[in-house]
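Architecture at a glance
Below are the chains, spelled out letter by letter.
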Amino acid sequence: MLHSMSTTVEAASERSAAEVNEEIRALWRRSGGTLTTEQRAEYQRLVMEWAAATPPSQRAA
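Since we're looking at a predicted model, the values are computed, not measured.

Definitions and limits used
Starting afresh in each chain, residues are numbered from 1 along the sequence in its written order. Predicted model: local features are reported for residues with pLDDT of at least 70 only, side-chain atom pairs are reported and counted for 80 or more only, and whole-chain, interface and lining totals are derived from all residues. Based on all heavy atoms of the structure, the side-chain values leave hydrogens and waters out of the count. A helix here means a DSSP run of H or I that spans at least four residues, while a strand means a run of E at least two residues long, and both kinds are numbered starting from the N terminus. Between N or O atoms, a polar contact is any pair within 3.5 Å; within protein, one atom must be a potential hydrogen donor and the other a potential acceptor, and residues adjacent in sequence are included only when both atoms are from side chains. For this document, the term salt bridge refers to a Lys or Arg side-chain nitrogen within 4 Å of an Asp or Glu carboxyl oxygen. Each residue's exposure class comes from its accessible area (1.4 Å probe, protein chains only) as a fraction of the maximum for that residue type: buried when under 20%, exposed when over 50%, partly exposed otherwise. Aromatic contacts are taken between Phe, Tyr and Trp rings whose centres are within 6.5 Å, Trp giving its six-membered ring; a plane angle under 30 degrees counts as stacked, one over 60 as edge-to-face, and the others as tilted.

1. Concerning the side chain of R15
- With respect to the helices, strands and loops of the structure, R15 is situated in the segment before α1 (17-31).
- Within polar-contact distance, the side chain of R15 engages the side chain of E49 at 2.9 Å.

Next up, the structure:
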């Protein structure tokens, strides 16, 4: 399930890294590969949320 775009970062315990990753992928699919300024801000927020939800051992892939 994808969440709608928001301006606040959700706590890592609320969504798994996999859920956030799916939202990142959906954002790229919707954008057609080129992000607008607004979409870039959303992407950055999502990456921060993903990093908070991902154990450090999995981030260094």
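2. Here we look at the pattern of salt bridges
- Considering all chains together, one arrives at 5 salt bridges under this definition.
- Between R45 and E42 there is a salt bridge whose closest N-O contact spans 2.8 Å. Note that R45 and E42 are positioned in helix α2 (residues 37-53) at a spacing of 3 residues, about one turn of the helix. Here R45 matches E42 in class, with each residue buried.
- Residue R45 is joined to E49 by a salt bridge in which the shortest nitrogen-to-oxygen separation is 3.0 Å.

3. Things to note about the packing of aromatic side chains
- Applying the stated criterion to the full structure yields 1 aromatic pair.
- Plain terms: the ring middles of W28 and Y43 are 5.6 Å apart, the flat faces sit at 75° to each other, and that makes the pair edge-to-face. Of this pair, W28 sits in helix α1 while Y43 sits in helix α2, placing them 15 residues apart in sequence.
- Using a relative accessible area of 34% as the deciding quantity, one classes W28 as partly exposed.

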